[in-house]
Amino acid sequence: MTITTVGIIGAGTMGNGIAQACAVSGINVVMVDISEAAVQKGLATVAGSLDRLIKKEKITEADKAAALARIQTSIRYEDLKPAQLVIEAATENDALKVKILQQLDALLGEDVLIATNTSSISITRLAAATRRADKFIGMHFFNPVPMMALVEIIVGLQTSDATHDAVQALARRLGKTPITVKNAPGFVVNRILIPMINEAFFVLAEGVATAEDIDAGMKLGCNQPIGPLALADMIGLDVCLAVMEVFLEEFGDGKYRPCPLLKEMVAAGRLGRKTGQGVYSY
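Here's a quick rundown of the structure. Owing to the predicted nature of the structure, the values given are computational and were not obtained by experimental measurement. (Residues numbered from 1 in each chain as written. Predicted model: local features only at pLDDT ≥ 70, side-chain atom pairs only at ≥ 80, totals over all residues. Heavy atoms only, no water.)

### Side note on the pairing of strand β5 (residues 113–116)
Of the two faces of β5, both are covered, the one formed by L113 and A115 as well as the one formed by I114 and T116. Relative to β5, strand β4 (residues 85–88) runs parallel, the two sharing four bridges. Residue V86 lies in a different strand from β5, and its bridge partner there is I114. As defined by bridge partners, β5 adjoins strand β6 (residues 136–141) across three bridges and the pair is classed as parallel. (Buried < 20%, exposed > 50% of the residue type's maximum accessible area, 1.4 Å probe, protein only. Helix = DSSP H or I, 4+ residues; strand = E, 2+ residues; numbered from the N terminus. Pairing = 2+ DSSP bridges.)

### Quick notes on a nonpolar patch on the surface
A cluster of nonpolar side chains, contributed by I179, V188 and I192, occupies part of the molecular surface with about 240 Å² of accessible area. Mapping I192 onto the fold places it in helix α7 (residues 189–205). A relative accessible area of 59% places I192 in the exposed class. (Patch = residues over 30% accessible without salt bridge, like charges linked within 9 Å, V, L, I, M, F, W, Y side chains within 5 Å. Areas by Shrake-Rupley, 256 points an atom, 1.4 Å probe, with all protein chains shown as cover. Salt bridge = Lys/Arg side-chain N within 4 Å of Asp/Glu carboxyl O.)

### Focus: the packing of helix α9 (residues 228–235) against helix α10 (residues 237–251)
For the pair α9 and α10, the least separation of the axes is 6 Å and the interaxial angle reads 100 degrees. Between α9 and α10, the angle falls in the class roughly perpendicular. Here A232, D233 and I235 of α9 come into contact with α10, specifically with L237, V239 and C240. Of the residues belonging to the contact of α9 with α10, the class tally is five nonpolar, no polar and one charged. (Axes fitted to C-alpha atoms, helices over the stretch in contact; angles between N-to-C directions. Parallel < 35°, antiparallel > 145°, perpendicular 65-115°, else oblique. Contact = heavy atoms within 4.5 Å. Nonpolar A, V, L, I, M, F, W, Y, C, P; charged D, E, K, R; others polar.)

### Examining the nonpolar core
Soluble globular proteins tend to bury their nonpolar side chains together. Counting 37 residues, the largest nonpolar core has V6, I18, L85, I87, M139, F141 and L170 as its most contacted members. The biggest single contributor to this core is helix α1 (residues 13–24), with six residues. Those residues in contact with I18 that lie beyond four places of it in its chain are I8, I87, A89, N117, F141 and V145. Membership of the second largest hydrophobic core comes to 24 residues, among which are L193, L229, L237 and Y280. (Core = buried A, V, L, I, M, F, W, Y, C linked by side-chain atoms within 4.5 Å.)

### Re the pattern of salt bridges
Any two side chains of opposite charge can pair, given that their charged atoms come close. In this structure the tally under the stated criterion is 10 salt bridges. Among the salt bridges present, the one from R131 reaches D105, with a minimum N-O distance of 3.1 Å. Linking R131 in the loop between α5 (123–128) and β6 with D105 in helix α4 (residues 94–107), this pair joins segments that are 26 residues apart in sequence. Of the residues examined, R131 reaches a relative accessible area of 68% and is grouped as exposed. Take D105: its relative accessible area is 6%, and that puts it in the buried class. Where salt bridges share partners, they join E88, E92 and K97 into one cluster.

### Side note on unusual backbone geometry
N143 connects to P144 through a cis peptide bond whose omega is 0 degrees. Relative to the elements of secondary structure, P144 occurs in the loop between β6 and β7 (150–155). One non-glycine residue with positive phi stands out, namely F187, at about 60 degrees. Of note, F187 is situated in the loop between β8 (177–182) and α7. Overall, the relative accessible area of 4% leaves F187 in the buried class. Notably, N223 is not glycine yet its phi reads approximately 60 degrees, a positive angle. Position of N223 among the secondary structure elements: in the loop between α8 (211–222) and α9. On the accessibility criterion, N223 (70% relative accessible area) is exposed.

### Some words on the packing of aromatic side chains
Applying the stated criterion across every chain yields a total of three aromatic pairs. Plain terms: the ring middles of F247 and F251 are 6.1 Å apart, the flat faces sit at 55 degrees to each other, and that makes the pair tilted. One end of the pair, F247, and the other, F251, are both in helix α10, four residues apart, so they sit about a helical turn from each other. For F251, a relative accessible area of 30% gives the class partly exposed. The interplanar angle of 25 degrees and the centroid separation of 5.1 Å between the aromatic rings of F251 and Y256 together place this pair among those described as stacked. The class for Y256 is buried, based on a relative accessible area of 6%. (Phe/Tyr/Trp six-rings, centres within 6.5 Å; stacked < 30°, edge-to-face > 60°.)

### Some thoughts on the layout of surface pockets
Its volume calculated, the second largest pocket comes out at about 310 Å³. At the level of secondary structure, the elements contributing two or more residues to the lining of the second largest pocket comprise α1 and α2 (36–55). The element contributing the most residues to the lining of the second largest pocket is α2, with five residues. A breakdown of the residues in the lining of the second largest pocket according to their chemical character gives six nonpolar, seven polar and two charged. (1 Å grid on protein atoms, 1.4 Å probe; cavity = no way out; pocket = protein on both sides within 12 Å on 5 of 7 lines; lining within 4 Å. Points joined across faces, edges and corners; volume = space filled by probe spheres on them.)

Written out as C-alpha cells, the structure is:
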C-alpha cells in the first residue's frame, strides 16, 4: 500500500507534530479536531515550528509554503475519507479513544488503516473495538515529533504483517527510525521511562534532594539530556500519572504505585509546561 494522504485526529501537541512531519515529507494531511479554534491553533503551531527551521537554515520559505499547503484542517470526520491511514492522536483516555475509533471504523473505507498514538493503552484491546483489527496498529511518536527520531510500531495480536509493513515504511518516509514492539503496557520506552520519572518524584517527596539537584544528578551522572522531573513537566504530569495507573492496573504489581506527590500535583492542576506550573514554573 502506498500512503499519500494521512488523516490525523487531534490538533494538539502530538497531532500537529505528526501533521508537520508528514507535510514536510510530501504527504498530504487532513487534521481534524473538535473546533475550528483548535485546528487553527494546531496549524499556527506548525507554522511557528517551520519558521524556527527557516531561521536555522534547515528549510526554505518555499519549503514552508509547500508543507502548509499540504495540510487541510477540518472539524468533520467525513473529510478523512481520502486518507489511506488515519492516526488517532487524542488525549490518553481509554474510553475517549474507543469512541473515536468506533466512529472512524464506521466511516472509513474497509481498506483504510487505523493507527493510534497511545503511549500505554493496549493495542489489542483498542483494535477489538473496531471491525478491522487486522488493519489496526500502534504508531507511538515522541514529543517533540518533528525533532524526535523514534517511532514505536506496536503490533496487536490481530495486526497483519501487511499493516505493519505499510506503517513501518511510512515512518521511514518521515525520516524516523521505527522499532517494532509487541503489545504490552507501556511498550518499550515508557515501560522503562515512566517508572524512572515516578521514582524521581518519590525521591523529591522524601526530601532526598531538591528538584534541581535530582535533575542535575541524572543529567551529569547518567548523561541524560534532560532530568526526569523537567522531562515530566514536558510530557505532562497528568500523562505520567495516567501511564503509571495503567501499569498498576495491568501488571497488578505494587512497584508501579504512582507517587502520592505526583497524584497531588495533578489534582492541583500543576501539570507542567502546558499549565505554566509543574515541578518547575514556566
